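Notes for the structure review
Each chain is listed here by its residues.
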Amino acid sequence: QLQLVESGGGLVQPGGSLRLSCAASARLDYYAIGWFRRAPGKEREGVSAVSNTGTSTPYADSVKGRFTISRDDAAKTVYLQMNSLKPEDTAVYYCAARRVAATLNPNAYDFWGQGTQVTVSS
């Protein structure tokens, strides 16, 4: 059973930056990792994902140009660099894992972390 732990959330002012980390309990070589978020009263939304090889990295339109996903397989960790944060980015952010292919469809993922809160407010 693959376990995932998110960290790096917090309170940040609009325009600020945060880097989220998703640490895995086992090697990630065969796994794609996705980042998702759920804001109060809203559906869970796919933010970004990275394939097992790192060659495919889809992004939601709402975060393109502001967020960057990356992976360090040696460290068993995937990162989400979030820049130019907006109040509408406020949500609980989750990472999830599935075999091989990156997708922003949360229903395709098998393993989930517990989430980390990101609040963007002045």
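Below or above, wherever it landed, is the structure these notes cover. (Residues numbered from 1 in each chain as written. Predicted model: local features only at pLDDT ≥ 70, side-chain atom pairs only at ≥ 80, totals over all residues. Heavy atoms only, no water.)

Along the backbone of the protein chain there are zero helices and ten strands. Listing the helices and strands of the protein chain from first to last along the sequence gives β-β-β-β-β-β-β-β-β-β. What you see for the protein chain is a C-alpha radius of gyration of 13 Å, in line with the 14 Å of a compact globule of 122 residues. When its C-alpha atoms are laid out on the principal axes, the protein chain stretches across 40 × 25 × 25 Å. With 122 residues in all, the protein chain has 43% of them scored as buried. Sequence-distant contacts, at least 24 apart, represent 60% of the contacts inside the protein chain between residues at least 6 apart. Accessible surface for the protein chain amounts to roughly 6100 Å². Of this, 45% is attributable to carbon and sulfur atoms. The average position of the 13 basic charges and that of the 10 acidic charges among the side chains of the protein chain differ by 1 Å. (Helix = DSSP H or I, 4+ residues; strand = E, 2+ residues; numbered from the N terminus. Rg over C-alpha atoms; globule rule 2.2 N^0.38 Å. Buried < 20%, exposed > 50% of the residue type's maximum accessible area, 1.4 Å probe, protein only. Contact = heavy atoms within 4.5 Å. Areas by Shrake-Rupley, 256 points an atom, 1.4 Å probe, with all protein chains shown as cover. Lys, Arg positive; Asp, Glu negative; His and termini not counted. Charge placed at Lys NZ, Arg CZ, Asp CG, Glu CD.)

Another point: the sheet that holds strand β3 (residues 18-24). An order of β1-β3-β7-β6 is seen for the four strands of this open sheet, with the pairing classed as antiparallel. Only two strands of the sheet have a single neighbouring strand rather than two, namely β1 (4-7) and β6 (67-72). Within this sheet the neighbouring strands show an average axis-to-axis angle of 15°, counted without direction. Examined bridge by bridge, β3 and strand β7 (residues 77-82) share six bridges and lie antiparallel to one another. From the neighbouring strand, S21 faces β7, where its bridge partner is Y79. (Pairing = 2+ DSSP bridges. Axes fitted to C-alpha atoms, helices over the stretch in contact; angles between N-to-C directions.)

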